[in-house]
Amino acid sequence: MPKTSEPRILLVEDEESLAVGLQFNLQQEGYTVQRAADGREALEHFARENFDLIILDLMLPYVDGYEVAQTIRARSPQLPILMLTARTTAKDRVQGLEAGADDYVIKPFHLRELLLRVKGMLKRKQWYQDESREEPVYRFGDNTIDFASLTAKTRTQEFQLTAREAMVLKYLVEHEGRVVSRTELLENVWQVEGTVKTRTVDAFIARLRKYFEDDPKHPEFITSVREVGYQFVSGR
């Protein structure tokens, strides 16, 4: 496969008219785009090609978006996944995030919003790779995080973080002791305007607490400041 400096995107969408339009507009932004019309084809492309970002529809023939995301995430923890979904319930959104998606856009969506999300995710991926090389390992309490490999170890288990989980945690760690608002996290971790999807932030915070707190309902390290945001305190 020839090398290219253009970011490579795998676009997984079974609605052909939407896929064709998205591919055209992404290419106009300077991206190289490979299309897949179903989940099985998406996994075949992923197995033999390298991508910088996945745009993944949720409802797909053969293999649905949840399973595609889980498979990709298990093999490539740092690869950004942007999920497209017509489902609007909080349960569906959380399920997508838990499957490994870094963010989601609800159909129908504004094209400009999607393009901004893509740009932000690629930019944040590069920031994270640069930052994690400088200080890859961080410890707090009985927890050890390797930000370079996205591995985590607690008193009871070892597991893999997703890139977005690690980004959120790293941002909080870098601003230890200061209250960080949801808007700030959205703008600096998701690279989107802070007026949208604050519940996405809450979902990621809940997962980080589940991983690293002895009692997630009464957190010691990632605390809430009511109506303001979150504060990380290492206790060191």
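Structure first, text after, so check above.
Residues numbered from 1 in each chain as written. Predicted model: local features only at pLDDT ≥ 70, side-chain atom pairs only at ≥ 80, totals over all residues. Heavy atoms only, no water.

Trainee: Before we move on, can you summarise the overall build of the protein with the specific residues and values?
Mentor: Secondary structure summary: the protein contains eight helices and 12 strands in total. Within the span of the protein, comprising 236 residues, buried residues form 49% of the whole. Long-range pairs, those at least 24 residues apart, make up 58% of the contacts in the protein between residues at least 6 apart in sequence. For the protein, the exposed surface amounts to about 11800 Å²; the carbon and sulfur share of it is 47%. (Helix = DSSP H or I, 4+ residues; strand = E, 2+ residues; numbered from the N terminus. Buried < 20%, exposed > 50% of the residue type's maximum accessible area, 1.4 Å probe, protein only. Contact = heavy atoms within 4.5 Å. Areas by Shrake-Rupley, 256 points an atom, 1.4 Å probe, with all protein chains shown as cover.)

Trainee: Can you lay out the pairing of strand E12 (residues 229-232) for me, pointing to particular residues and giving the numbers?
Mentor: Bridging between strand E10 (residues 179-181) and E12 involves three bridges; their strand directions are antiparallel. Of the residues in E12, the one forming a bridge with Ser-181 is Gly-229. Inspection of the sheet shows strand E11 (residues 222-225) paired to E12 by four bridges, in the antiparallel sense. Looking across to E12, one finds that Ile-222 is bridged to Phe-232. Taking the residues between adjacent antiparallel strands as the criterion, E11 and E12 are bridged by three residues, where Glu-227 takes a positive phi near 65 degrees. (Pairing = 2+ DSSP bridges.)

Trainee: I'd like a rundown of the nonpolar core, residues and numbers included.
Mentor: The biggest cluster of nonpolar side chains holds 54 residues, and the ones touching the most others in it are Ile-54, Leu-56, Leu-169, Leu-185, Phe-212 and Phe-232. A total of eight residues in this core trace back to one element, the largest contributor, which is helix H6 (residues 163-174). Once residues lying within four places of it in the same chain are set aside, the contact partners of Phe-212 are Phe-140, Asn-143, Ile-145, Ala-152, Thr-154, Phe-159, Leu-161, Leu-169 and Phe-221. Among the nonpolar cores identified, the runner-up in size contains 17 residues, and Leu-11, Val-33, Val-105 and Leu-115 belong to it. (Core = buried A, V, L, I, M, F, W, Y, C linked by side-chain atoms within 4.5 Å.)

Trainee: With reference to specific residues and values, describe the pattern of salt bridges.
Mentor: On inspection of all chains with the given rule, the structure shows 12 salt bridges. Taking the shortest distance from any N to any O, the salt bridge between Arg-207 and Glu-165 comes out at 2.4 Å. Of this pair, Arg-207 sits in helix H8 (residues 198-212) while Glu-165 sits in helix H6, and the two are 42 residues apart along the sequence. We classify Arg-207 as buried; its relative accessible area is 10%. Among the ionic contacts, a cluster of salt bridges with common partners joins Arg-8, Arg-48 and Glu-49. (Salt bridge = Lys/Arg side-chain N within 4 Å of Asp/Glu carboxyl O.)

Trainee: Could you give an account of the sheet that holds strand E6 (residues 137-140), naming the residues involved and the relevant values?
Mentor: The strand order across the open sheet formed by four strands is E6-E7-E8-E9, and the pairing between neighbours is antiparallel. The strands lining the two open edges of the sheet, one partner per strand, are E6 and strand E9 (158-160). Put simply, the sheet's adjacent strands are angled 15 degrees from each other on average, direction ignored. In terms of strand pairing, strand E7 (residues 143-146) meets strand E8 (residues 151-153) through three bridges, oriented antiparallel. Counted as the bridge partner of Thr-144 is Lys-153 from E8. (Axes fitted to C-alpha atoms, helices over the stretch in contact; angles between N-to-C directions.)

Trainee: Lay out the packing of helix H2 (residues 39-48) against helix H3 (residues 65-75) with the relevant residues and their values.
Mentor: Viewed as axis vectors pointing N to C, H2 and H3 meet at an angle of 15 degrees, and their least axial separation amounts to 10 Å. The angle between H2 and H3 falls in the class roughly parallel. Crossing handedness for the pair H2 and H3: right-handed. Contacts from Gly-39, Ala-42, Leu-43 and Phe-46 in H2 reach Val-68, Thr-71, Ile-72 and Arg-75 in H3. For the contact of H2 with H3, the per-class residue count stands at five nonpolar, two polar and one charged. (Parallel < 35°, antiparallel > 145°, perpendicular 65-115°, else oblique. Left-handed = near helix turned anticlockwise from the far one by under 90°. Nonpolar A, V, L, I, M, F, W, Y, C, P; charged D, E, K, R; others polar.)

Trainee: Lay out unusual backbone geometry with the relevant residues and their values.
Mentor: With the exception of glycine, the majority of residues adopt a negative phi angle, and the majority of peptide bonds are in the trans configuration. Cis geometry is found at the peptide bond from Lys-107 to Pro-108, where omega equals -10 degrees. Following the sequence through the fold, Pro-108 ends up in the loop between strand E5 (103-106) and helix H5 (111-134). A positive phi angle is found at Leu-150, which is not glycine, with a value near 65 degrees. Considering the arrangement of structural elements, one finds Leu-150 in the loop between E7 and E8. Here Leu-150 falls in the buried class, since its relative accessible area comes to 0%.

Trainee: Got a sec to walk through the pairing of strand E2 (residues 32-36)? Specific residues and values, please.
Mentor: As paired elements, strand E1 (residues 8-12) and E2 share five bridges and run parallel to each other. For Leu-11, the partnering residue across the bridge sits in E2 and is Arg-35. Chirality of the crossover, the property in question, places the unit of E1, helix H1 (residues 16-28) and E2 among those that are right-handed. (Right-handed = clockwise from strand over helix to strand, strands pointing away.)

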